Amino acid sequence: ICAHKRPAEFFTDAKSWRWNWFDALLVGMMVAETWVLQFFDGADLSSFSALRLLRLMRISRIFRMAPELGTMVTALMAAIRSVSSTFLLIVGLMYVFSIVLTS
């Protein structure tokens with residue numbers, strides 16, 4: 001809020017008001033999880049662990065700011081198959097040579 005051009009208009013900014021409210025919600029949930037929920041030791045609060053996944057949605061904000069990151073992630077996902085195949089081949093060769101050389 002302090003870094004915003006006009007702190008008084010932080011939640012009503014035309015461009016990013018949705019993200020600002022979302023960030024405020026996440027901060028409120030983290031405060032509740034850290035300070036308030038520690039007093040409920042015996043209660044079943046597993047539903048709050050599912051809310052932690054909402055924090056991952058902040059990553060989508062980064063992809064909007066830098067679309068090149070999306071391109072890099074797409075390329076990495078396309079390369080996973082060949083990299084994993086190469087890894088398995090190398091592990092297999094190491095296994096075979098370790099058996100041959102220990103005999």
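For every chain, the first residue of the written sequence is number 1, and numbering continues from 1 along that sequence. Local features in this predicted model are restricted to residues of pLDDT 70 or higher, and side-chain atom pairs are both shown and tallied only at a pLDDT of 80 or more, whereas totals for entire chains, interfaces and linings draw on every residue. Hydrogen atoms and water are omitted, and side-chain values are computed over all heavy atoms in the structure.

Asker: Give a detailed account of the overall build of the chain, specifying residues and quantitative values.
Answerer: Counting from the N terminus, the helices are DSSP H or I runs at least four residues long and the strands are E runs at least two residues long. Helices and strands together make up the secondary structure of the chain, namely 4 helices and 0 strands. For the chain, the N- to C-terminal ordering of α and β elements is α-α-α-α. Three labels apply to residues, based on accessible area from a 1.4 Å probe with only protein chains included: buried if under 20% of the type maximum, exposed if over 50%, partly exposed otherwise in between. Looking at the 103 residues of the chain, the share that counts as buried comes to 9%. For accessible areas, the Shrake-Rupley method is used with a probe of radius 1.4 Å. Any residue's cover is judged against the shown protein chains and nothing else. For the chain, the exposed area adds up to about 8900 Å²; of that, 71% sits on carbon and sulfur atoms.

Asker: I'd like a description of the packing of helix H3 (residues 58-65) against helix H4 (residues 67-102), backed by residues and values.
Answerer: Between two packed helices, both the angle of their axes relative to each other and the distance between the axes serve to describe the pair. Across the interface, H3 lies against H4 with an axial gap of 4 Å and an inter-helix angle of 110°. Taken together, the axis directions place H3 and H4 in an arrangement best described as roughly perpendicular. Mapping the contact onto sequence places Ile62, Phe63, Arg64 and Met65 in H3 and Pro67, Leu69, Gly70 and Val73 in H4. Axis definition: a line fitted to C-alpha atoms, limited for helices to the stretch in contact. Angles are taken between N-to-C directions and run from 0 to 180 degrees. Angles are sorted into four bins: roughly parallel if under 35 degrees, roughly antiparallel if over 145, roughly perpendicular if 65 to 115, and oblique for all others. Contact between two residues is taken to exist if any of their heavy atoms lie within 4.5 Å; hydrogens are not considered.

Asker: Run through a nonpolar patch on the surface, naming residues and quoting values.
Answerer: Patch building starts from residues that exceed 30% relative accessible area and form no salt bridge, then joins like charges within 9 Å and nonpolar side chains (Val, Leu, Ile, Met, Phe, Trp, Tyr) within 5 Å. The term salt bridge refers to a side-chain nitrogen of Lys or Arg lying within 4 Å of a carboxyl oxygen of Asp or Glu. On the surface, a cluster of nonpolar side chains totalling about 710 Å² of accessible area is made up of Ile59, Ile62, Phe63, Leu69, Met72, Val73, Met77 and Ile80. If one sorts the elements of the nonpolar patch by residue count, H4 sits on top with 5 residues. On the accessibility criterion, Ile62 (44% relative accessible area) is partly exposed.

Asker: Break down H4 for me, citing the residues and quoting the values.
Answerer: In this model H4 runs 51 Å from its N-terminal to its C-terminal C-alpha over 36 residues, within 8% of the 52 Å that 1.5 Å per residue would give. At Ile80, H4 shows its largest bend, some 40°. Among the 36 residues of H4, 0 are classified as buried, and the element is accordingly described as predominantly exposed. In this scheme, a helix's expected span is set at 1.5 Å multiplied by one less than its residue total. Here the bend at each residue means the angle between axes fitted to two seven-residue stretches, the one ending at that residue and the one beginning there.

Asker: Mind laying out the confidence of the model for the chain, listing which residues take part and the relevant values?
Answerer: A residue's pLDDT is the predictor's confidence in that residue, given on a scale from 0 to 100. Residues of the chain with pLDDT of at least 70 account for 69%, and the chain-wide mean is 77. When the elements of the chain are averaged for pLDDT, helix H2 (residues 46-51) gives the smallest value, 64, and H4 the largest, 92.

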